[in-house]
Amino acid sequence: MHQPSTQARPSIYYNYQVFKPWLPSANPLQKRQKVVIAGSGPAGMVAALELARLGVHSVVLESELQVSQGSRAIVFTRRSMEILQQVGVADRMTENGLPWRFGNSYYRGQRVFRMEAPHDPDDRFFPMINIQQQYMEEYLLDACQTNPLIDFRWGNKVIKVEQQPDFAQMTVDTPEGTYLLESDWLVAADGGRSEIRTAMNLPMEGASYEGFFVIADIRIDLPLPTERLAYFDPEWNPGNTILMHREPHGIWRVDYQLPPGETPEDALKPESLKARIDAQLAMIGHAGTPWEMDWNSVYSARTLTLPDYVQGRVIFTGDAAHLLPIFGVRGANTAFQDAQSLAWHLAFVVKGLAHEKLLANHSAERVGAAREIIDEAGKSTRFMTPPSSGFRLLRDAVLSLSLTEEFVRPLYHWRTSRPHEYSHSMLNSTGDDNALFTAGPAHGAPPQNIRLSANDFLLDHLGGGFDLLYFTEGTAIPVPLQQVVATSRSLGVPLKVIAVGASQPVDGADLTMADSNGHFRTRYGVQASGAAYLLRPDQHICARWLTLDATRLQAALKTALPQ
Amino acid sequence: MTTPKNTLTIPGLETVYDALATAIDSAGPDKSNLFLVKLALLNANLLADPEVINAHIQAALRDL
């Protein structure tokens, strides 16, 4: 019998709410579900919310009775905020988080590199925002619990999965025992230690790095701005790296590497934590400032992915699908992109709007993203935790040179999580004008946000289906295009038409954006009326035309939704 | 290995030979590796050609 803890987790700043378990005896007999999601972390909840937005009901099974322990993921990227905006929680993140854009690397007391993340006036969100994962989960949870298409079940743990040809049968354990649940699809969003992945015995490809890092959250009053702080090879921890980040509520994340051979158990002893945190504070000139521990944990860097996220009727997503190093904020930020991608691909298959091979595309796109991240994050990881004496020698040579030589300093650059461009997706149109554009987001790229007015941006209006941006100064969308749109809609495909460039509402468009100074057209590389962009439900571009006609719109929609 | 247009004269090579030996001794056995890698990176930056540098790496690895 599954007995999750009913004790609120300890925290000096977060008030954990313990929820009542969902019990099978208190609910009617379970019919077969369309989608069951195991795990209510960032990936599971974003998937559920985005599925619901596309009209697909899901059951979310969460083995615990409260949100996750400790701050865990604390840095969220602009693209993550854009995805969270799509599922309705970006405002709460903005209201309570700490935005930032500068990163600093220190060696021998000297700042040897300062990174400035660009902040485009067309972007609504900052490059980064810091907030503890519990809050982010709470905001997603509130959205899930008020959504009639999401059946959220606390204290429900999947303990067995049997694959059938066209559904998955799960044994779900609860505080009053097990029940059986069938679903056309099971989304395994059960985290880095995924028991579903382990039980299915699925091997992951990639590398694990030696060496452990301690993560500790302390409450301390430090007169420092919200910026990334990285300290290399300090005297108190020779050869190793320390990272610090400000979090809301006066909490600081201190993240330090352990000397080789030290066990996680030894490292987490209170006296060990205290000595090292005191040494770090002394090094940055704040010796003796009082502090209080909230939470700590140990991790090691891994760059591993499943080679295919779709395994029969089980689809892996987020950390259950891949394990990525913390450097470059890869965990939750990748999970949001995974979940957003998964949700729309799966929704269109569940609703019969595309063939199951659309799921193979999801896997190909996201495995491709994971491999790109592994390649990039591997570079950062090899700099932060050199895996051999050669790598260590080179890293140390760079540290030493960086005190006086400008050219090595960019090697400190912390390659931050960024959205993957699906440049070679099979959903990209083959007969469009992608190659003829000289500006604007290309095939597979995420959209460029546009500031329409003081508090009004393009991305505020996108999502929930395909979006067609049609650039025109005319009074109506051409009738043949309107007919293609109407035909698609009659088949159930959600497709919104946004006219860009006219001062009055355009006939046949759901929305008109004036673009009186031509700024939107410039950023999208549009030179004349009649150009268009087609955006997938994850807002990535799948087709763009200098002059759109009905035949080519029809063809692009057909390519994007394989039958 | 690519032959650059400008090579060291014999007296120039002899000067570098002595300077390198003296610098390795001055860095000491614990730091000579670090010193040599720093030097390699400085020279590589001036060469500005990953292919030439890779050819030098291969040449230096030979007959160790």
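Computed from a predicted model, the values in this text were never measured in an experiment. (Residues numbered from 1 in each chain as written. Chains lettered and ligands numbered in written order. Predicted model: local features only at pLDDT ≥ 70, side-chain atom pairs only at ≥ 80, totals over all residues.)

Asks: Which parts of the structure should I look at to understand the overall build of chain B?
Replies: Scanning chain B for helices and strands turns up three helices and zero strands. Counting from the amino terminus, chain B carries its helices and strands in the arrangement α-α-α. By its C-alpha atoms, chain B is 30 × 25 × 25 Å across when sized along the principal axes. Of all 64 residues assigned to chain B, the portion counted as buried reaches 3%. (Helix = DSSP H or I, 4+ residues; strand = E, 2+ residues; numbered from the N terminus. Buried ≥ 20, exposed ≤ 12 C-beta atoms within 10 Å, placed from the backbone.)

Asks: What is the right way to read the overall build of chain A from this model?
Replies: When helices and strands are tallied, chain A shows 13 helices and 26 strands. Relative to the 2.2 N^0.38 estimate, which gives 24 Å for 563 residues, the radius of gyration of chain A is 25 Å and therefore close to what a compact globule would have. Taken across its 563 residues, chain A has 49% of its residues classed as buried. Within chain A, contacts between residues separated by at least 24 positions form 74% of all contacts whose residues are at least 6 apart in sequence. (Rg over C-alpha atoms; globule rule 2.2 N^0.38 Å. Contact = placed C-beta atoms within 7 Å.)

Asks: Even after reading the chapter, I still don't get the sheet that holds strand S6 (residues 110–116) of chain A, so can you show me in this structure?
Replies: Strand pairing in a sheet is mediated by backbone hydrogen bonds. Such pairs are either parallel or antiparallel. Residues and elements named next belong to chain A. Spatially, S6-S5-S13-S14-S15-S12-S16-S19 is the arrangement adopted by the eight strands of the open sheet, whose pairing is mixed. At either end of the open sheet lies a strand with only one pairing partner, and these are S6 and strand S19 (322–323). For strand S12 (residues 205–220) and strand S16 (residues 291–305), the ladder comprises 13 bridges, and the chain directions are antiparallel. Along S16, the bridge assignment pairs Asp-217 with Trp-295. (Pairing = 2+ DSSP bridges.)

Asks: Sorry, what's going on with the interface of chain A and chain B here?
Replies: Interfaces are often sized by the accessible area lost when the parts come together. Each partner contributes residues to the interface: chain A has eight residues there, and chain B has six residues. Per-class residue counts for the side of chain A that touches chain B are six nonpolar, one polar and one charged. (Nonpolar A, V, L, I, M, F, W, Y, C, P; charged D, E, K, R; others polar.)

Asks: Hey, could you run me through the domain arrangement of chain A in this one?
Replies: Residue and element names in this part refer to chain A. Structurally, chain A comprises domain 1 (24–94 + 134–204 + 303–375) and domain 2 (434–560). On a C-alpha basis, the centres of domain 1 and domain 2 stand 30 Å from each other. In this assembly, eleven residues from domain 1 lie in contact with ten residues from domain 2. Mapped by element, the contributors of at least two residues to the side of domain 1 that touches domain 2 are helix H2 (78–86) and helix H8 (331–350). With four residues, the single largest contributor to the side of domain 1 that touches domain 2 is H2. Classifying every residue of the side of domain 1 that touches domain 2 gives three nonpolar, four polar and four charged. (Domains from an automatic or database assignment.)

Asks: What should I look at first to understand the environment of Val87(A) in this one?
Replies: Position of Val87(A) relative to the elements: it lies in the loop between H2 and helix H3 (90–96). Discounting residues that sit within four places of it in the chain, Val87(A) has contacts with Val46(A), Leu49(A), Glu50(A) and Ala143(A).

Asks: Looking at this structure, I do not really get the nonpolar core. What am I missing?
Replies: Among soluble globular proteins, nonpolar side chains are generally buried collectively. Residues and elements named next belong to chain A. Residues Ala-47, Val-187 and Tyr-470 are the most contacted members of the largest nonpolar core, which totals 118 residues. The biggest single contributor to this core is H8, with eleven residues. Per-domain counts for this core show at least three residues from each of domain 1 (24–94 + 134–204 + 303–375) and domain 2 (434–560). Sequence-distant contacts of Tyr-470, defined by excluding residues within four places in its chain, comprise Ile-477, Val-497, Ala-499, Val-500, Ala-509, Ala-532 and Leu-548. Judged by nonpolar contacts, the second largest core, of 25 residues, contains Ile-242, Met-244, Val-398 and Leu-401. (Core = buried A, V, L, I, M, F, W, Y, C linked by C-beta atoms within 7 Å.)

Asks: Would you mind showing me how to read the sheet that holds strand S4 (residues 98–100) of chain A here?
Replies: Residues and elements named next belong to chain A. As summarised here, the arrangement of the three strands in space is S3-S7-S4, forming an open sheet in which the pairing is antiparallel. Each edge of the open sheet carries a strand with a single partner, namely strand S3 (75–77) and S4. Taking the axes of each pair of neighbouring strands and ignoring which way they run, one obtains an average angle of 30° across the sheet. The sheet strands contacting H2 are S3 and strand S7 (128–130), and the helix crosses S3 at an angle near 80°. (Axes fitted to C-alpha atoms, helices over the stretch in contact; angles between N-to-C directions.)

Asks: Whenever I open this one, the pairing of strand S22 (residues 466–471) of chain A confuses me. Can you help?
Replies: Working note: regular strand, side chains alternate between the two faces of the sheet. All names here are of chain A. Here S22 lies mainly inside the structure; six of its six residues are buried. Taking every second residue as pointing to the same face, both faces of S22 are buried, with Phe-466, Leu-468 and Tyr-470 on one and Asp-467, Leu-469 and Phe-471 on the other. Examined bridge by bridge, S22 and strand S23 (residues 495–500) share six bridges and lie parallel to one another. By the bridge assignment, Tyr-470 is partnered in S23 with Ala-499. As paired strands, S22 and strand S25 (residues 532–535) are joined by four bridges and run antiparallel to one another. What sits directly across from Tyr-470, in S25, is Ala-532.

Asks: Just checking my understanding: could you explain the pairing of strand S11 (residues 177–188) of chain A for this structure?
Replies: Residue and element names in this part refer to chain A. Summarising the sheet, strand S1 (residues 33–38) and S11 pair through five bridges and their orientation is parallel. If you follow Val-36 over to S11, its bridge partner there is Leu-186. Direction of pairing for strand S10 (residues 168–174) relative to S11: antiparallel, over a ladder of seven bridges. Residue Val-172 lies in a different strand from S11, and its bridge partner there is Tyr-179. Following S10, the chain reverses through two residues before pairing antiparallel with S11. Pairing between S11 and strand S18 (residues 314–316): three bridges, direction parallel.

Asks: I tried to follow the confidence of the model for chain B on my own but got confused; where do I start?
Replies: Any residue range with low pLDDT should be treated as having predicted coordinates unsuitable for detailed reading. For chain B, per-residue confidence averages 92 on the pLDDT scale, and 92% of positions sit at 70 or higher. Predicted complex metrics record ipTM = 0.90 and pTM = 0.95. (pLDDT = per-residue confidence, 0-100.)

Asks: Which parts of the structure should I look at to understand the packing of H2(A) against H8(A)?
Replies: Packed helix pairs are characterised by how far apart their axes lie and by the angle those axes make with each other. All names here are of chain A. Between H2 and H8, the shortest axis-to-axis distance is 9 Å and the interhelical angle comes to 40°. Of the possible angle classes, the one that applies to H2 and H8 is oblique. Regarding H2 and H8, the two cross each other, and that crossing is left-handed. Residue-level contacts link Arg-79, Ser-80, Ile-83, Leu-84 and Gln-86 of H2 to Asn-333, Phe-336, Gln-337 and Gln-340 of H8. Split into classes, the residues belonging to the contact of H2 with H8 amount to three nonpolar, five polar and one charged. (Parallel < 35°, antiparallel > 145°, perpendicular 65-115°, else oblique. Left-handed = near helix turned anticlockwise from the far one by under 90°.)

Asks: Even after reading the chapter, I still don't get unusual backbone geometry, so can you show me in this structure?
Replies: Excluding glycine, residues mostly have negative phi values, and the peptide bonds linking residues are mostly trans. Residues and elements named next belong to chain A. Within the chain, Arg-108 stands out as a residue other than glycine whose phi angle is a positive 50°. Structurally, Arg-108 is set in the loop between strand S5 (102–107) and S6. The partly exposed category is assigned to Arg-108, around which 14 C-beta atoms lie within 10 Å. At Gln-539, a residue that is not glycine, the phi angle is positive and equals roughly 70°. Position of Gln-539 among the secondary structure elements: in the loop between S25 and strand S26 (541–545).

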